[in-house]
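Chain by chain, the residues run as shown.
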Amino acid sequence: MFCCRRSPVSNPFGPVGETRLSAVPETRVILPARGDQPSLALYLAEILDLENNPWPACPRGLLRAALAKLEDQFGLVIKVGFEHECYIRGIQDVPTPAFSLAGTRMASGLAEEVQQILSSANTRLDQFVAEFGENQFEISSPVADALSAADHAVLAREVIRDAARARGWSPTFAPKPYPKQPGNGVHIQLSLWTSTGEPMTASNETLTGSAAAFLAGILRDLTSIMAFTTPSANSFSRLTPSSWVGVFNCYGKRNSEAAVRFCPRPPAPD
């Protein structure tokens, strides 16, 4: 088995057997032609065995199975929105102030192109704005069902990378690309709903019993979950107190250092 760094890695599967990639049609995105590069149809894929069954370690298949189990056993579904942070080196020589209109305007051409490309996959971004770090930006994907939201998050990052590199810029979503700058995070905004569309996360600024049990499971298994959320050595460079990171295994109301932050809000028609 080989990883994306072109180096072999030990694995429990051995050299025997085959899998196949099966494109997911609804994830299709058309990347535009750039110079001598033609346009490109980009698809996400699922990993299947030769009988077209999900490969046991396929990430998308695992997510879909977990969501089905949640709905079958508890009658609950999840809505998710992703917030990404990234640095784009080369976008400007002298950094503009943090969170500024000027910083956001520097990326407006890139943001517009990304929006147009993502629309080919029936998705978009909700915002593309200047963040705290020098040439750092926050990108929010729209709320959707959990599987679609994960697809849209992956596509948004790839489209941003492609469009930024076409401009001669160097984008990075690495957790801590610059030791003296704030790191890049990914917030996963999630809420629980019944299968019939009733909100089940909170009531009167406190968690419901179902949401509290769901949260307890996350915190109980957080050490294992970190294999997915904190997979690289660079990830741990960001996991320090006073860094706006959920560095403590706890639940907190409006607490940015809790692994799970509860943000109650007033009722709204939507």
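Our subject is the structure that appears above.
(A) Spotlight on the overall build of the protein. When its secondary structure is counted, the protein shows seven helices and 14 strands. Its C-alpha atoms give the protein a radius of gyration of 20 Å, near enough to 18 Å, the size a compact globule of 270 residues would have. Its C-alpha atoms give the protein principal-axis dimensions of about 50 × 50 × 40 Å. Here the protein holds 270 residues, and 33% of them are scored as buried. When contacts within the protein are restricted to residue pairs at least 6 apart in sequence, those whose partners lie at least 24 apart make up 59%. Per element, the accessible surface of the protein, about 16300 Å² overall, is 56% carbon and sulfur.

(B) The environment of I91, seen in detail. Inspection of the secondary structure assignment puts I91 in the loop between β5 (76-89) and α2 (101-106). For the pair I91 and P171, spaced 80 residues apart in sequence, the C-alpha to C-alpha distance is 9.3 Å. Setting aside anything within four residues of it in sequence, one finds I91 in contact with M106, A107, N135, F137 and W169.

(C) Seen up close, the packing of aromatic side chains. By the definition in use, this model includes five aromatic pairs. Joined through ring pairs, the aromatic side chains of F99, F132 and W244 make up one cluster. The ring of W193 has K79 sitting right over it, with the charged end atom 3.8 Å from the ring centre.

(D) Expanded view of the side chain of N184. Its location among the elements puts N184 in the loop between β9 (170-172) and β10 (186-194). A relative accessible area of 5% places N184 in the buried class. A distance of 3.4 Å separates the side chain of N184 from the backbone nitrogen of C86, its partner in a polar contact. A polar atom in the side chain of N184 sits 2.9 Å from the backbone oxygen of A174. In this structure N184 touches E85, C86, Y87, Q136, T172, F173, A174, P175, P177 and R238, once residues within four positions along its chain are discounted.

(E) Region of interest: the pairing of strand β6 (residues 127-130). Pairing analysis gives four bridges linking β6 to strand β7 (residues 136-140), with the strands arranged antiparallel. Bridge pairing links A130 to F137 in β7. Connecting β6 to the next strand, β7, in antiparallel fashion are five residues, including N135 with a positive phi near 60 degrees.

(F) Quick look at the packing of helix α1 (residues 59-74) against helix α4 (residues 146-166). Packing of α1 against α4 leaves a shortest axis separation of 10 Å and a crossing angle of 155 degrees. The angle between α1 and α4 falls in the class roughly antiparallel. Judged by the sense of rotation from one axis to the other, the crossing of α1 with α4 is right-handed. Contact residues: α1 offers R60, L63, R64 and L67, while α4 offers A146, L147, A150 and D151. Residue composition of the contact of α1 with α4, by class: five nonpolar, no polar and three charged.

(G) Just the packing of helix α3 (residues 108-118) against α4, in detail. Packing of α3 against α4 brings their axes to within 10 Å, and their N-to-C directions diverge by 130 degrees. Between α3 and α4, the interaxial angle falls into the category oblique. At the point where α3 passes α4, the crossing takes the right-handed sense. Together, L110, E113, V114, I117 and L118 of α3 and L155, A156, V159, I160, A163 and A164 of α4 make up the contact between the two elements. Across the contact of α3 with α4, the residue classes break down as 10 nonpolar, no polar and one charged.

(H) Unusual backbone geometry, seen in detail. At N52, a residue that is not glycine, the phi angle is positive and equals roughly 65 degrees. Note on placement: N52 falls in the loop between β4 (45-48) and α1. Here N204, not a glycine, exhibits a phi torsion of approximately 55 degrees, which is positive. The topology assignment puts N204 in the loop between β11 (202-203) and β12 (206-207). Given the relative accessible area of 77%, N204 is considered exposed.

Conventions used here
Residues numbered from 1 in each chain as written. Predicted model: local features only at pLDDT ≥ 70, side-chain atom pairs only at ≥ 80, totals over all residues. Heavy atoms only, no water. Helix = DSSP H or I, 4+ residues; strand = E, 2+ residues; numbered from the N terminus. Rg over C-alpha atoms; globule rule 2.2 N^0.38 Å. Buried < 20%, exposed > 50% of the residue type's maximum accessible area, 1.4 Å probe, protein only. Contact = heavy atoms within 4.5 Å. Areas by Shrake-Rupley, 256 points an atom, 1.4 Å probe, with all protein chains shown as cover. Phe/Tyr/Trp six-rings, centres within 6.5 Å; stacked < 30°, edge-to-face > 60°. Lys NZ or Arg CZ within 6 Å of the ring centre and 35° of its normal. Polar contact = N/O pair within 3.5 Å; in protein donor to acceptor, adjacent residues only side chain to side chain. Pairing = 2+ DSSP bridges. Axes fitted to C-alpha atoms, helices over the stretch in contact; angles between N-to-C directions. Parallel < 35°, antiparallel > 145°, perpendicular 65-115°, else oblique. Left-handed = near helix turned anticlockwise from the far one by under 90°. Nonpolar A, V, L, I, M, F, W, Y, C, P; charged D, E, K, R; others polar.

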